[in-house]
Structure formats: structure tokens, C-alpha cells
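As a plain string of letters, each chain reads:
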Amino acid sequence: MITTGTTLSTANAATWPTPTSSEGVSSTIQVSGTKDYGMKRFYGTGDLAGDGQEEGQDPILRLTDGAVLKNVIIGAPGADGIHCQGSCTLQNVWWEDVGEDAATFRGGTGATYHVVGGGAKKAADKVFQHNGGGTLNISNFAVQEFKTLYRSCGDCSTQYTRKVNLNTIDVTGTGSTARLVGINVNRNDVATLRGITIRNDAGRKVIPCQKYNNNTAVGTGPDSTNCLYSSSDVTYR
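In this report, the structure presented in the accompanying data block is examined. (Residues numbered from 1 in each chain as written. Predicted model: local features only at pLDDT ≥ 70, side-chain atom pairs only at ≥ 80, totals over all residues. Heavy atoms only, no water.)

A short note on the overall build of the protein chain
Secondary structure assignment for the protein chain yields zero helices and 18 strands. Against the 2.2 N^0.38 benchmark of 18 Å for 237 residues, the protein chain shows a C-alpha radius of gyration of 16 Å, consistent with a compact globule. Its C-alpha atoms give the protein chain principal-axis dimensions of roughly 45 × 40 × 30 Å. Looking at the protein chain residue by residue over its 237 residues, the buried ones come to 54%. Counting only contacts in the protein chain whose residues sit at least 6 apart along the sequence, the fraction spanning at least 24 positions is 60%. For the protein chain, the centre of its 21 positive side-chain charges and the centre of its 21 negative side-chain charges are spaced 6 Å apart. (Helix = DSSP H or I, 4+ residues; strand = E, 2+ residues; numbered from the N terminus. Rg over C-alpha atoms; globule rule 2.2 N^0.38 Å. Buried < 20%, exposed > 50% of the residue type's maximum accessible area, 1.4 Å probe, protein only. Contact = heavy atoms within 4.5 Å. Lys, Arg positive; Asp, Glu negative; His and termini not counted. Charge placed at Lys NZ, Arg CZ, Asp CG, Glu CD.)

In C-alpha cells:
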């Protein structure tokens, strides 16, 4: 199970950390370099008190290119969570009640983003929004009560070919249709899924890989080009 420290192992949807302290945030916190918050909870106040799906909200934290963020809890209201302006690492970061999005990745073509450990729940829409270019790697992550774990932007003014890699993801089914990844096959996006565990989904309503042409759904399921996984990569419990 993931612990509340910095040593990470297999994600478990039932393991959620207790904050060491809480702080309201009324204006976005800028993060550069490596910052370890020791499991502090941040939540939005004032202009950051939104918890809905309105586009264009500001984030609780904004990371500069190359920043590493460790051991943080984003509480409610969650505003637009975290923005990565370039390559970044989110290590052991937890979202108790996702606002607009949990994190948005905005770097250029060569950007690499890592989400290592942590978890998110209560995402009425997306958890991770990939608006920039590059590759997002998500590992040892738990998600529940969500609609889409990862979405490659379908209508951004500047579009890219994007990649996402999921490895060791613990998913709790919502009872309604949800998606692990949504990618744009017309943009040659590639999603690789390994070690996916889906719980409480007897009806198989969680879609591992949803394909789009921008915002038009065009199919689901594994293939050899865009959705790279097989039945052995997904375990139901």
C-alpha cells in the first residue's frame, strides 16, 4: 500500500492519508525546484474557492519547468488543482475532492511528467488533463469516484501528439461508465496500460481506453497503434 511518507509501493484505493496540517489558499502558490510539504493539506479560499467544472479556474499550485512536488493533499474546494508549466514530478500527491481537474500538464513537445503514488477521488469530470505536449507517466496511483482519469485535450488551440503510460493503477468502479484514458487517435496519441486493477465493476463499465477524433468518440479497446494493452493487463476484483 502507499504510505503517507516518501516510500511508495502498490496503490490501494482504500488507503488515504491523514493531513499533518491544513491551510487555505487564496492565490496560486508558485513552486520551483523540489518542495516537500510533509502531507500538508491545501484548499481554496477567496478566488480559489471554486469546486465546479468551470473552465479557466486558477490552480492551487503552479509548478515551473522541472519542479518536483512531494507529499501534498489537495482538499476541497480544489479549484483547478495543480498546473505543470513544463516537465514535473508529482510524488505522493492526493486529491480528496477534485475540482475542475486534479492536475493539468502544459509543457511542450519534449516535456516529461511523472505522477508517482497518490490518488484522487470525487472527480465529476477529469482527473488529469493533458493540454501540452510530451509524455505523462502515472504509476502506483489510486482513483475512485471519477469520470475520466486521463484526457488528451481534444480542442486546445495548439495540438500535439501525446503519450500516456499507466502502470500499477488501482481503480474503484463508479457504477456508471468511466474511462481510464481518452486519447486522440487522429493526432496519433499513444496510451500504454500495465498492471491495472479495477474493483467493484461487475458490469465492466470502466473503459480502459477510449478513442477520439478530437472530441468525437470513435471506439474503445486495445489495438497495436494507439491503445497498447491486452486483457492480461487488466484485473477485475
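Alright, that's what it looks like, and here's the rest.
Notes on the state of the cysteines
For the structure on display, the rule yields three disulfides. Across the disulfide, Cys153 is cross-linked to Cys156 (sulfur-sulfur distance 2.2 Å). Taking the torsion about the S-S bond as the criterion, the Cys153 to Cys156 disulfide, at about 110°, is right-handed. Neither residue differs from the other here; Cys153 and Cys156 are each classed as buried. The partner cysteine of Cys209 in its disulfide is Cys227, sulfur to sulfur 2.0 Å. Residues Cys209 and Cys227 are joined through a disulfide that is left-handed, its torsion about the S-S bond being -70°. (Disulfide = S-S within 2.5 Å.)

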